[in-house]
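# Observations on the three-dimensional arrangement
As a plain string of letters, each chain reads:
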Amino acid sequence: MRKEKILRLAKGFRGRAKNCFRIAINRVEKALQYQYRDRKAKKREARKLWIQQINAATRQHGVIYSQFMHTLAKDNIKLDRKTLSDLAINEPHSFKALVDRVKFMRGPNGIE
Amino acid sequence: MMRAKLTGKSGMAAVAPARARQATARAAVHALCPARAVSARRPERSVRSYSAAQAEVPPLEEGSVAYEKQDYAVVELGGSQVIVEVGGVYDTNRLDAEPGSTIKLNRVLLVKNQESNDLRLGKPYVENATVEAEIVQHKKAKKVVVFKMQPKKHTRSKVGHRQHQTTIKVTKISV
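Cut-off values and rules
- Residues numbered from 1 in each chain as written.
- Chains lettered and ligands numbered in written order.
- Predicted model: local features only at pLDDT ≥ 70, side-chain atom pairs only at ≥ 80, totals over all residues.
- Heavy atoms only, no water.
- Helix = DSSP H or I, 4+ residues; strand = E, 2+ residues; numbered from the N terminus.
- Rg over C-alpha atoms; globule rule 2.2 N^0.38 Å.
- Buried < 20%, exposed > 50% of the residue type's maximum accessible area, 1.4 Å probe, protein only.
- Contact = heavy atoms within 4.5 Å.
- Areas by Shrake-Rupley, 256 points an atom, 1.4 Å probe, with all protein chains shown as cover.
- Pairing = 2+ DSSP bridges.
- Salt bridge = Lys/Arg side-chain N within 4 Å of Asp/Glu carboxyl O.
- Axes fitted to C-alpha atoms, helices over the stretch in contact; angles between N-to-C directions.
- Phe/Tyr/Trp six-rings, centres within 6.5 Å; stacked < 30°, edge-to-face > 60°.
- Lys NZ or Arg CZ within 6 Å of the ring centre and 35° of its normal.
- pLDDT = per-residue confidence, 0-100.

### Some words on the overall build of chain A
Helix and strand counts for chain A come out as five helices and zero strands. Taking 2.2 N^0.38 as the reference for a compact globule, 112 residues should give roughly 13 Å; the C-alpha atoms of chain A span a radius of gyration of 23 Å, well beyond that estimate. A buried classification covers 44% of the 112 residues belonging to chain A. Across chain A, every contact between residues at least 6 apart in sequence was considered, and the portion connecting residues at least 24 apart equals 49%. Total accessible area on chain A is roughly 6600 Å²; 52% of this is exposed by carbon and sulfur atoms.

Right, dumping it as structure tokens:
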């Protein structure tokens, strides 16, 4: 019964690790440890991705990410990076409205 | 599907996998809620006004088709922000309410009305904006196995975890 459970978790593994218990148990334990580690890493990776996406989108409109986020924070607009990147991808006009708000708050000097 | 073309330095490679994830997530919601499946996400019409400053938005590009899309709002829910539409179905952390009852979400960060092209930004929350939702069901998430071990040290621990969740269906966005 225990062997069945382990081998079920070992589906898709390479070579004997998917069929033979004594080899599978090692790989399954490693896989579970990686899952624990990567559940935490997933959140970091997601945030990195959002930041890159927001940066790309704001630069299209002539503002850089650091100034965009700083001005939003000063303006007390508390949209998080996940939402901002979602808006930048799916609601480009709303996002441009946000960028224009940032440009307005920064004054006529523009970026930099 | 028209999308904003993000061609910044580090943007291009990063955008594609996120779109695929969003597409599958959106497909899952469409399956739950037929009303939402009808209106796909499309580029918006120009924004004419919002709470503090005038936006200059370029006209829609030639060849892009502006489908009728739903209003949306960004709500703080379960410790995170969610972009909600009327008729949309969302999972959050467990709420203390009966299935079938209605709840009001008060922390609304952004509201977009497509018909009047009105975008409201909150500082941090939009005044007098609420989102009403109906509790569909309570459920538990898929089991996550939390496994820790030290090799060669005769220590290991295996714990299963199922997060309690609530499915809500948004019925109304009002400002």
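What follows continues from the structure just given.
### A closer look at the overall build of chain B
Counting secondary structure elements, chain B contains two helices and eleven strands. Helices and strands in chain B line up, N terminus first, as α-α-β-β-β-β-β-β-β-β-β-β-β. Across the 175 residues of chain B, 40% fall into the buried class. Counting only contacts in chain B whose residues sit at least 6 apart along the sequence, the fraction spanning at least 24 positions is 65%. For chain B, the accessible surface area stands at approximately 10300 Å², while carbon and sulfur atoms represent 51% of it.

### Quick notes on the pairing of strand E2 (residues 72-77) of chain B
Residues and elements named next belong to chain B. A large share of E2 lies buried, amounting to five of its six residues. Sheet analysis places E2 next to strand E3 (residues 80-85), joined by six bridges and oriented antiparallel. Within E3, the position partnered with Glu76 by the bridge is Gln81. Following E2, the chain reverses through two residues before pairing antiparallel with E3; Gly78 in that reversal takes a positive phi of roughly 65°. Across four bridges, E2 lies against strand E6 (residues 108-113) in antiparallel orientation. Opposite Ala73, over in E6, you have Val111 as the bridge partner.

### As for the pattern of salt bridges
Under the counting rule described, the total for this entry stands at eight salt bridges over all chains. Here A:Asp75 makes a salt bridge to B:Lys123, at a shortest N to O gap of 2.9 Å. One end of the pair, A:Asp75, is in the loop between helix H3 (65-74) and helix H4 (81-90); the other, B:Lys123, is in the loop between strand E7 (118-121) and strand E8 (130-140), on a second chain. Residue A:Asp75 is classed as buried on the basis of its relative accessible area, which comes to 8%. Overlapping salt bridges, with partners in common, bring together A:Asp75, A:Arg101 and B:Lys123 in one network.

### Observations regarding the sheet that holds strand E11 (residues 164-174) of chain B
Two modes of strand pairing occur in sheets, parallel and antiparallel, and in both the strands are linked by backbone hydrogen bonds. Residues and elements named next belong to chain B. Strand order in this open sheet of four strands is E4-E11-E8-E5, and the pairing throughout is antiparallel. Two strands bound the open sheet, and with one partner strand each, they are strand E4 (89-93) and strand E5 (102-105). Across the sheet, the axes of successive neighbouring strands diverge by a mean angle of 40°, strand direction being ignored. Of the pairings in the sheet, the one linking E5 to E8 comprises four bridges and is antiparallel in character. The partner of Ile103 across the bridge, within E8, is Ala133.

### Observations concerning the environment of A:Ala73
The residue A:Ala73 is located in helix H3 in this model. Between the C-alpha atom of A:Ala73 and that of A:Pro92, which follows or precedes it by 19 residues, the distance is 21 Å.

### Things to note about the packing of aromatic side chains
Aromatic ring pairs: the centre-centre distance and the angle between the two ring planes describe each pair. All names here are of chain A. Applying the stated criterion to the full structure yields one aromatic pair over all chains. Where Phe68 meets Phe95, the ring centres are 5.5 Å apart and the plane angle is 45°; that geometry is what we call tilted. You can see Phe68 sitting in helix H3 and its partner Phe95 sitting in helix H5 (residues 92-106), a full 27 residues away along the chain. Like Phe95, Phe68 is buried. Just above the ring of Phe21 sits the side chain of Lys3; from NZ or CZ to the centre is 5.4 Å.

### Description of unusual backbone geometry
Note on backbone geometry: most residues besides glycine have negative phi, and most peptide bonds are trans. Residue and element names in this part refer to chain B. Positive phi, close to 60°, is recorded for Asn128, a residue that is not glycine. Along the chain, Asn128 falls in the loop between E7 and E8. Unlike most non-glycine residues, Lys152 shows phi in positive territory, near 65°. The topology assignment puts Lys152 in the loop between strand E9 (144-150) and strand E10 (155-161). For Lys152, a relative accessible area of 81% corresponds to the exposed category.

### Let's talk about the confidence of the model for chain B
Residues and elements named next belong to chain B. Within chain B, residue pLDDT values average 73, and 61% of them lie at 70 or more. Scored below 50 in pLDDT, residues 1-14 makes 31 contacts in the model with residues more than four places away or belonging to other chains. For residues 33-57, every residue scores under 50 in pLDDT, and the model assigns this stretch 82 contacts once sequence neighbours within four places are set aside. For this predicted complex, the interface confidence reaches an ipTM of 0.82, while the overall pTM sits at 0.71.

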